[in-house]
Amino acid sequence: MSNQLTASQKTITKILIANRGEIALRIMRSAKEMGIKTVAVFSEADRNALHVRYADEAILIGPAPSNQSYLVGENIIAACKKTNAEAIHPGYGFLSENAAFAQMVADAGLILIGPSAAAMETMGNKLSAKAAALKYQIPMVPGTEEAISNVGEAKKRAVEVGFPILIKAAAGGGGKGMRVVERVEDFEEQMDLAVSEATSAFGDGAVFIERYVTSPRHIEIQVLGDSHGNIVHLFERECSVQRRHQKVVEEAPSSILTPEIRAKMGRCAVDVARSVNYTGAGTVEFILDENLDFFFLEMNTRLQVEHPVTELITGIDLVKEQIKIAAGEAIGFKQDDLKIGGHAVELRVYAEDPANNFLPDIGTLQTYKTPKGNGVRVDDGFEQGMEIPIYYDPMIAKLITYGKDREEAIARMIRAIDEYEITGIQTTLGFGKFVMQHEAFKSGQFDTHFVSKYFTPDRLMAQNEDEAIIAALVAKAFFQTKKRVDVTAPIVDEPSSWRKNRLKF
């Protein structure tokens, strides 16, 4: 940070991280490299968490349930003032896209490391986000541009758009309040279900409809904007491997975009950000159809879970950029300075059982050893012996690999998955290896239906059994050879790799 501040710049010497787990640690590490002190907040369930131990200071903000701790904005503000932190970084999830909290931070005279409350509010609702994007003629999926509550009118519009159609919650995300309707006869029932789910999840039953893209790919563009009017994009991330409409595998760059499409999508993403005078890091999401035509989906007004793949292919630390922008600095590079270098893949390692519809599998990490080596990055917030709390998202870690090209990044991911030792709970590691080895993924010919098209629990079990048999045969041959060479040598009882791997699933 420069000692010579302009009128628009602010001094940030201490940041409170209004989050937990791996993202809290990830933010703290960048802040530490910048010479900035950090404050952790924690619930009673996180009293011994790694982010609490790593921070310079830590403050208890409430009981374990997030609606009594991490989601209580007043407690966050009070902790910030008590520790004399000038700024708050919300991470992702919790309050990161809450416009009311952003305004609360501003009203308290504190700095939010993120966009303005107005930008959050506009982009937080899919309909107002569409209206903002339309100012710049951003391509949209055919459908309604306003909320629909009258079932009769909605059905009439759905017929005009053409089936299959998608009913979506205006205030929603994560697949909640979303229904695919194949036939007009099913429309009324599915709309009632979508409205009910949206009301329950978001307190807002507003829905809209759009044509359902049958073979969609989910492509998102990372953007950065500053308070001086500069906005750049940092290329795309492919996020099409999903379960329950939520991402599990991400990569950068996409294996399918041409340089021309990439440049066009990048310009559109910058225009979407410009439509709300965006500051900070954000992501503009698009749907790409089978003809490689793309359509605006939404904007996430925060740092994304999958941001590391962008960092690896660009060499840009996005958290440091967020902090600099929040302090009033101009972005220190231009669009033409940015180049794609190599390829990166990320697997979200969840405490979930892929063989049981990816349901959470909470328990104790009896064994926890992370992979190492060239091109491997692990962002996590746990260590061996810790419990996975039932109160929060079950993500244990993000496993990211980098290579000179896509093939090397995938090969490193497979190697890293094999080295990752987790016992005591079920995880998505085995599923991740299934994806990496599947021909559809390797060839780049896949879409958001990857799981429903290709994955069944029996395939994962068969994969594990094959690996176990091969490993056992190799072990048997090894010990037989050893006996022939030196019959007097003692036999050391070492745990075999195949047994460890079977415990993972």
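Quick note: structure is the one above.
Residues numbered from 1 in each chain as written. Predicted model: local features only at pLDDT ≥ 70, side-chain atom pairs only at ≥ 80, totals over all residues. Heavy atoms only, no water.

K.L.:
Which residues make up the nonpolar core, and what values do they have?
P.N.:
Counting residues in each nonpolar core, the largest one holds 40 residues, and the members touching the most others are Ile396, Leu399, Ile422, Val435, Met436, Phe441 and Phe450. Sorting the residues of this core by element identifies β11 (246-252), β14 (343-350), β19 (395-403), α12 (406-419), α13 (429-437), α14 (439-443) and α15 (450-454) as the ones contributing at least two each. Considering each element in turn, this core owes the most residues, 6 residues, to α12. In this view, methionine 436 contacts Val249, Val345, Ile410, Met413, Ile414, Phe441 and Lys442; residues no more than four positions away in its chain are not counted. The next biggest cluster of nonpolar side chains, apart from the first, holds 35 residues, and it includes Ile15, Ile17, Ile325 and Ala327. (Core = buried A, V, L, I, M, F, W, Y, C linked by side-chain atoms within 4.5 Å. Buried < 20%, exposed > 50% of the residue type's maximum accessible area, 1.4 Å probe, protein only. Helix = DSSP H or I, 4+ residues; strand = E, 2+ residues; numbered from the N terminus. Contact = heavy atoms within 4.5 Å.)

K.L.:
Which residues make up the packing of aromatic side chains, and what values do they have?
P.N.:
If you walk through the whole model with that rule in mind, you get 15 aromatic pairs. For the ring pair tyrosine 70 and tyrosine 392, a centre distance of 5.6 Å and an interplane angle of 80 degrees mean the geometry is edge-to-face. With a gap of 322 residues between them, tyrosine 70 in the loop between β3 (57-62) and α3 (73-82) and tyrosine 392 in the loop between β18 (376-380) and β19 connect regions that are remote in the sequence. Both residues of the pair, tyrosine 70 and tyrosine 392, belong to the buried class. Pairing phenylalanine 286 with phenylalanine 296 gives two aromatic rings, centres 6.5 Å apart and planes at 75 degrees, and the pair type is edge-to-face. A residue pair is termed long-range when its members are at least 10 positions apart, and phenylalanine 286 in strand β12 (residues 280-288) and phenylalanine 296 in strand β13 (residues 294-300) qualify at 10 residues. Residue phenylalanine 286 is classed as buried on the basis of its relative accessible area of 0%. A network of ring pairs unites the aromatic residues Phe358, Phe431, Phe434, Phe441, Phe446, Phe450, Tyr454 and Phe455 as a single cluster. Between the NZ or CZ atom of arginine 217 and the centre of the ring of phenylalanine 446, over which it lies, the distance is 4.5 Å. The residue whose ring lies beneath arginine 406 is phenylalanine 441, and the NZ or CZ to ring-centre distance is 4.6 Å. (Phe/Tyr/Trp six-rings, centres within 6.5 Å; stacked < 30°, edge-to-face > 60°. Lys NZ or Arg CZ within 6 Å of the ring centre and 35° of its normal.)

K.L.:
Give me the lowdown on the side chain of glutamine 222, citing residues and values where you can.
P.N.:
Checked against the element boundaries, glutamine 222 lands in strand β9 (residues 217-225). Among the polar contacts made by the side chain of glutamine 222, one reaches the main-chain carbonyl oxygen of glycine 282 at a distance of 3.0 Å. With residues near it in sequence (within four places) discarded, glutamine 222 still touches Val232, His233, Leu234, Phe235, Arg237, Ala281, Gly282, Thr283, Thr310 and Leu318. (Polar contact = N/O pair within 3.5 Å; in protein donor to acceptor, adjacent residues only side chain to side chain.)

K.L.:
Account for the pairing of strand β6 (residues 165-169), naming residues and giving values.
P.N.:
The buried fraction of β6 amounts to 5 of the 5 residues, a majority that puts the element mostly inside the structure. Strand direction decides the pairing type here: β6 and strand β7 (residues 179-181), joined by 3 bridges, are antiparallel. Its bridge partner being in β7, isoleucine 165 is matched across the sheet by valine 181. The pairing of β6 with strand β8 (residues 207-211) spans 5 bridges and is antiparallel. The residue of β8 that forms the bridge with isoleucine 167 is isoleucine 209. (Pairing = 2+ DSSP bridges.)

K.L.:
Could you give an account of the sheet that holds strand β1 (residues 14-17), with specific residues and numbers?
P.N.:
Ordered by their spatial adjacency, 5 strands build an open sheet running β3-β2-β1-β4-β5, and the pairing between neighbours is parallel. Taken across any chain shown, the strands that pair with only one partner, and hence form the sheet edges, are β3 and β5 (111-112).

K.L.:
Please provide a residue-by-residue account of the environment of glutamate 285, values included.
P.N.:
Tracing the sequence through the fold places glutamate 285 in strand β12. With a relative accessible area of 2%, glutamate 285 lands in the buried category. Taking the C-alpha atoms as reference points, glutamate 285 and glutamate 236, 49 residues apart in sequence, are found 9.3 Å from one another. Those residues in contact with glutamate 285 that sit more than four places away from it in its chain are His218, Ile219, Glu220, Lys247, Phe295, Phe296, Leu297, Glu298, Asn300 and Gln304. Within the local environment of glutamate 285, its side chain forms a polar contact with the side chain of lysine 247, the two groups lying 3.4 Å apart. Among the polar contacts made by the side chain of glutamate 285, one reaches the side chain of glutamine 304 at a distance of 3.3 Å.

K.L.:
Could you give an account of a nonpolar patch on the surface, with specific residues and numbers?
P.N.:
Together, Ile362, Ile390 and Tyr391 make up an exposed nonpolar region whose accessible area comes to about 310 Å². Relative to the assigned elements, isoleucine 390 resides in the loop between β18 and β19. On the accessibility criterion, isoleucine 390 (64% relative accessible area) is exposed. (Patch = residues over 30% accessible without salt bridge, like charges linked within 9 Å, V, L, I, M, F, W, Y side chains within 5 Å. Areas by Shrake-Rupley, 256 points an atom, 1.4 Å probe, with all protein chains shown as cover. Salt bridge = Lys/Arg side-chain N within 4 Å of Asp/Glu carboxyl O.)

K.L.:
Give me the lowdown on unusual backbone geometry, citing residues and values where you can.
P.N.:
For the bond from phenylalanine 163 to proline 164, the omega torsion is 0 degrees, close enough to zero to count as cis. Relative to the elements of secondary structure, proline 164 occurs in the loop between α7 (151-161) and β6. Residue proline 253 follows alanine 252 across a cis peptide bond; omega there is -5 degrees. Looking at where proline 253 falls in the secondary structure, it is placed in the loop between β11 and α9 (259-274). The backbone of phenylalanine 358 shows a phi angle near 60 degrees, a positive value even though the residue is not glycine. Position of phenylalanine 358 among the secondary structure elements: in the loop between β15 (352-353) and β16 (359-360). For phenylalanine 358, a relative accessible area of 4% corresponds to the buried category.

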